[in-house]
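# Survey of secondary and tertiary structure
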Amino acid sequence: MANTINEIIIIYSREFISDRSFVKNSSDAYRYFFKSWNKETIELFEEFKIILLNNASEILGIYTVSKGGVSSTVVEIKHIMFIALKTNSSSIILAHNHPSGNLKPSSADLKLTERINDACKIMDINLTDHIILGRESYCSFKDDGYL
């Protein structure tokens, strides 16, 4: 009897996205990410999510990569690349929150973004932006010149 390995199933949410939703700028990305975030925990623990986009910048889905503690969460680059490749995404947008409310990227945020961008280049996936969410505002790595 031969052993079989089942295909890994990816579940990502389209619950917070209307049909044919597009991301044209950082404000759009923030709006879609914020809709998908649990408002009761945005200042309690850190989460990391990605928006998956097709070639026309249409949202394929939003995927939660990790949930952590008050000051950090573990993000594995290979996990992000796996999800992007599995969904045939042309580009991705990263997002995480800072429970402290400080929207300035940390040195760890900048280093992680650089490493993810390097991996994206190898896989021919465009890293469009990285958003740090706050309850009232956001920081866009692209708009602020970090990416």
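Our structure's up above, just so we're on the same page.
Numbers given to residues run from 1 along each chain, matching the order in which its sequence is written. Totals for whole chains, interfaces and linings use all residues, but because this is a predicted model, local features are given only for residues with pLDDT of at least 70 and pairs of side-chain atoms are given and counted only at 80 or more. Only hydrogens and water are removed before side-chain values are computed, so all heavy atoms of the structure are retained for them.

## Focus: the environment of Ser66
Counting from the N terminus, the helices are the DSSP runs of H or I reaching at least four residues and the strands are the DSSP runs of E reaching at least two. Relative to the assigned elements, Ser66 resides in strand 2 (residues 59-67). Buried, partly exposed and exposed residues are distinguished by accessible area as a fraction of the type maximum, computed with a 1.4 Å probe on protein chains only: under 20%, between the cut-offs, and over 50%, respectively. With relative accessibility at 11%, the residue Ser66 sits in the buried group. A C-alpha to C-alpha distance of 8.5 Å links Ser66 and Glu46, two positions 20 residues apart in sequence. Those residues in contact with Ser66, other than ones at most four positions away along the chain, are Glu46, Glu47, Phe48, Thr73, Val74 and Val75. The term polar contact refers here to a pair of N or O atoms within 3.5 Å; inside protein, the definition further demands a hydrogen-donor-capable atom paired with an acceptor-capable atom, and it admits residues adjacent in sequence only when both atoms are side-chain atoms. Side chain to side chain, Ser66 and Thr73 meet in a polar contact 2.9 Å long. Any pair of residues with heavy atoms lying within 4.5 Å of one another is described as a contacting pair.

## Observations concerning the pattern of salt bridges
Salt bridge, as used here: a side-chain nitrogen of Lys or Arg that lies within 4 Å of a carboxyl oxygen of Asp or Glu. Here the structure, examined in full by the defined rule, presents 2 salt bridges. Between Arg31 and Asp28 there is a salt bridge, with the nearest N and O atoms lying 3.2 Å from each other. With Arg31 and Asp28 both in helix 1 (residues 26-36) and 3 residues apart, this pair spans about one turn of that helix. The exposure class of Arg31 is partly exposed, given its relative accessible area of 36%. Residues Glu43 and Arg135 are paired through a salt bridge, measuring 3.6 Å at the closest nitrogen-oxygen approach. Taken as a pair, Glu43 in the loop between helix 1 and strand 1 (47-53) and Arg135 in the loop between strand 4 (126-133) and strand 5 (138-140) lie far apart in primary sequence, 92 residues in all. Judged by relative accessible area, which is 48%, Glu43 ranks as partly exposed. Judged by relative accessible area, which is 34%, Arg135 ranks as partly exposed.

## Observations concerning helix 1
For helix 1, the full list of buried residues reads Ser26, Asp28, Ala29, Tyr30, Tyr32, Phe33 and Ser36. Where the residues of helix 1 are buried, they touch strand 1, strand 2, strand 3 (91-97), strand 4 and strand 5. At the N-terminal boundary of helix 1, the capping side chain belongs to Asn25, with an oxygen 3.2 Å from the backbone nitrogen of Ser27.

## So, the packing of helix 2 (residues 77-86) against helix 3 (residues 107-123)
It is at 10 Å that the axes of helix 2 and helix 3 come closest, and there the two elements cross at 40 degrees. Here helix 3 runs oblique to helix 2, going by the angle between their axes. For the crossing formed where helix 2 meets helix 3, the hand is right-handed. Here Ile77, Ile80, Met81 and Leu85 of helix 2 lie close against helix 3, whose contacting residues are Leu112, Arg115, Ile116, Ala119, Cys120 and Met123. Think of it as three bins: nonpolar holds Ala, Val, Leu, Ile, Met, Phe, Trp, Tyr, Cys and Pro, charged holds Asp, Glu, Lys and Arg, and polar takes everything else, Gly as well. Classifying every residue of the contact of helix 2 with helix 3 by side-chain character gives 9 nonpolar, no polar and 1 charged. To obtain an axis, a line is fitted to C-alpha atoms, over the contacting stretch when the element is a helix, and the angle between two such axes runs from 0 to 180 degrees between their N-to-C directions. Should an angle lie under 35 degrees it is considered roughly parallel, over 145 roughly antiparallel, and from 65 to 115 roughly perpendicular; all remaining angles are considered oblique. A clockwise turn of the near helix away from the far one marks a right-handed crossing, whereas an anticlockwise turn of less than a right angle marks a left-handed crossing.

## Focus on the nonpolar core
Residues grouped as a nonpolar core are buried Ala, Val, Leu, Ile, Met, Phe, Trp, Tyr and Cys residues, joined through side-chain atoms within 4.5 Å. With 20 residues, the main nonpolar core has Phe48, Ile50, Ile80, Met81, Ile92, Leu94 and Ile116 as its most contacted residues. In terms of residue count, helix 2 provides more of this core than any other element does, 5 residues in total. Core analysis: the next-biggest nonpolar cluster, separate from the first, contains 15 residues, Tyr32, Leu53, Ile59 and Ile93 among them.

## Quick notes on the packing of aromatic side chains
Working definition: an aromatic ring pair is given by the centre-to-centre distance plus the angle between the planes. Classification of ring pairs uses Phe, Tyr and Trp, with its six-membered ring standing for Trp, and accepts pairs whose centres are within 6.5 Å; under 30 degrees between planes counts as stacked, over 60 as edge-to-face, and the remaining range as tilted. On inspection of all chains with the given rule, the structure shows 4 aromatic pairs. By the ring-pair criterion, three or more aromatic residues cluster together here, those being Tyr30, Phe34 and Tyr138. Across the ring face of Phe34, the terminal group of Lys39 is positioned such that the distance to the ring centre comes to 4.7 Å. We count a charge as sitting over a ring when the NZ of a lysine or the CZ of an arginine lies within 6 Å of the ring centre and within 35 degrees of the ring normal. When the ring centre of Trp37 is taken as origin, the NZ or CZ atom of Lys49, which lies over that ring, is 4.7 Å away.

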